[in-house]
Amino acid sequence: MIREIAENELNELLMLYLYLHEDTVPQMTEHLKNTWDLIIQDKNHHVIVNEVDGKIVSSCICVIIPNLTRNIRPYAIIENVVTHADYRRKGYATECLNYAKEISEKANCYKMMLLTGSKQETTHRFYISAGYNSTDKTAFIHWLK
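So, here's what we can say about the structure.

**A look at the nonpolar core**
Alright, step 1. In this structure, Ile 48, Cys 60, Cys 62, Ile 78, Val 81 and Leu 97 are the most contacted members of the largest nonpolar core, which totals 16 residues.
Alright, step 2. Broken down by secondary-structure element, the contributors of at least two residues to this core are β3 (55–65), β4 (75–83) and α3 (92–106).
Alright, step 3. The dominant element in this core, judged by the number of residues it contributes, is α3, at 5 residues.
Alright, step 4. When neighbours within four sequence positions are excluded, Ile 48 is seen to be in contact with Ile 2, Arg 3, Glu 4, Ser 58, Ser 59, Cys 60, Cys 62, Cys 96, Tyr 99, Ala 100 and Ile 103.
Alright, step 5. Within the second largest apolar cluster, 15 residues are counted, among which are Leu 10, Leu 13, Ile 39 and Ile 61.

Structure follows, in structure tokens:
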């Protein structure tokens, strides 16, 4: 079942992030609680999850960014696309991305963007099959400490 996350599902999401690029689940600090509260209360920040048999198996983040160009239309950023290793290649991440597209279309976004750190061709083909391309723009990242 594809849906937005419930406030009480943070721990399950953090466990799923172990399949993204995290090595450990962060401790439940005041900073983590405050950050989660900001995310869950932000109407432009959507944590999309795909649930199978009561377990969150895939997720992505869709953030709608207000914008003053393109006829004052917002755009969407997609981040943290992840699927539990035991549930890959079953379409769950595609369903998350499609849900993000629905949210973006309802918000009248003119584009959706995502970055991947993966160098795997299979990952690139997955994003291409989901409707994204890597030819229209060039991404540059400035990592901060």
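On we go from here.
**So, the pairing of strand β2 (residues 45–52)**
Alright, step 1. When you tally the buried positions in β2, you get 8 out of 8 residues, the bulk of the element.
Alright, step 2. Side chains His 45, Val 47, Val 49 and Glu 51 of β2 all project onto a buried face; the interleaved residues His 46, Ile 48, Asn 50 and Val 52 project onto the opposite face, where all are buried too.
Alright, step 3. Pairing between β2 and β3: 8 bridges, direction antiparallel. Bridging from a neighbouring strand, His 46 pairs with Cys 62 of β3.
Alright, step 4. In this structure, the hairpin formed by β2 and β3 is closed by a connection of 2 residues, where Asp 53 is found at a positive phi of approximately 50°.

**Regarding the pairing of β3**
Alright, step 1. Burial analysis of β3 places 9 of its 11 residues in the buried class, the great majority of the element.
Alright, step 2. Pairing between β3 and β4: 7 bridges, direction antiparallel. Within β4, the residue paired with Ile 64 across the bridge is Ala 76.

**Quick look at the state of the cysteines**
Alright, step 1. Taken as a whole and assessed by the stated rule, the structure comprises 0 disulfides.
Alright, step 2. Summary of cysteine pairing: Cys 96 is not part of a disulfide, and the nearest cysteine sulfur, belonging to Cys 60, is at 5.1 Å.
Alright, step 3. According to the relative accessible area criterion, Cys 96 is buried, its value standing at 1%.
Alright, step 4. The closest cysteine sulfur to the non-disulfide-bonded Cys 109 is located on Cys 62, 6.7 Å from its own sulfur.

**So, the packing of aromatic side chains**
Alright, step 1. Under the criterion given, the structure shown has 4 aromatic pairs.
Alright, step 2. Ring centres of Tyr 75 and Tyr 110 lie 6.5 Å apart, and the angle between their planes is 75°; on these two criteria the pair is classed as edge-to-face. Pair noted here: Tyr 75 is in strand β4 and Tyr 110 is in the loop between α3 and β5 (112–114), with a separation of 35 residues, a long-range link.
Alright, step 3. Looking at Tyr 75, the relative accessible area reads 22%, which means it is partly exposed.
Alright, step 4. Each member of the aromatic cluster is reached from another via a ring pair, and the members are Phe 126, Tyr 127 and Tyr 132.
Alright, step 5. Taking NZ or CZ as reference, Lys 111 lies 5.7 Å from the ring centre of Tyr 75, over its face.

**A short note on the sheet that holds β3**
Alright, step 1. Spatially, the 5 strands line up as an open sheet ordered β1-β2-β3-β4-β5, and their pairing is mixed. Single-partner strands in this sheet number two, and they are β1 (2–4) and β5. Taking each pair of neighbouring strands and ignoring which way they run, the sheet shows an average axis angle of 30°.
Alright, step 2. In this sheet, β2 lies alongside β1 in antiparallel orientation, the contact comprising 3 bridges. By the bridge assignment for β2, Arg 3 is matched with Val 49.
Alright, step 3. Sheet strands touched by α3: β1, β2, β3, β4 and β5. Its angle to β3, the strand with the most contacts, is close to 30°.

Calculation rules
Numbering of residues starts from 1 in every chain and runs along the sequence as written. It should be noted that, the model being predicted, local features are given only for residues of pLDDT at least 70 and side-chain atom pairs only at 80 or more, the latter also being counted only at that level, while totals for whole chains, interfaces and linings use all residues. Side-chain figures throughout are based on the complete set of non-hydrogen atoms in the structure, without hydrogens or water. Only buried residues count toward a nonpolar core. Its members are Ala, Val, Leu, Ile, Met, Phe, Trp, Tyr and Cys residues joined through side-chain atoms within 4.5 Å. Think of it in three bands: with a 1.4 Å probe and only protein chains considered, a residue is buried below 20% of the maximum accessible area for its type, exposed above 50%, and partly exposed in between. Where helices and strands are cited, they refer to DSSP runs of H or I of at least four residues and of E of at least two residues respectively, numbered from the N terminus. A contact between two residues is defined here by any heavy atoms of the two lying within 4.5 Å. When DSSP finds two or more bridges between two strands, those strands count as paired. Cysteine sulfurs are considered disulfide-paired once they come within 2.5 Å of each other. Between rings of Phe, Tyr and Trp, where Trp is taken as its six-membered ring, a pair exists when centres lie within 6.5 Å; planes separated by under 30 degrees are stacked, by over 60 edge-to-face, and by other angles tilted. Charge-over-ring contacts are defined here by two conditions on Lys NZ or Arg CZ: a distance within 6 Å of the ring centre and an angle within 35 degrees of the ring normal. Working convention: axes come from line fits to C-alpha atoms, limited for helices to the stretch in contact. Angles between N-to-C directions cover 0 to 180 degrees.

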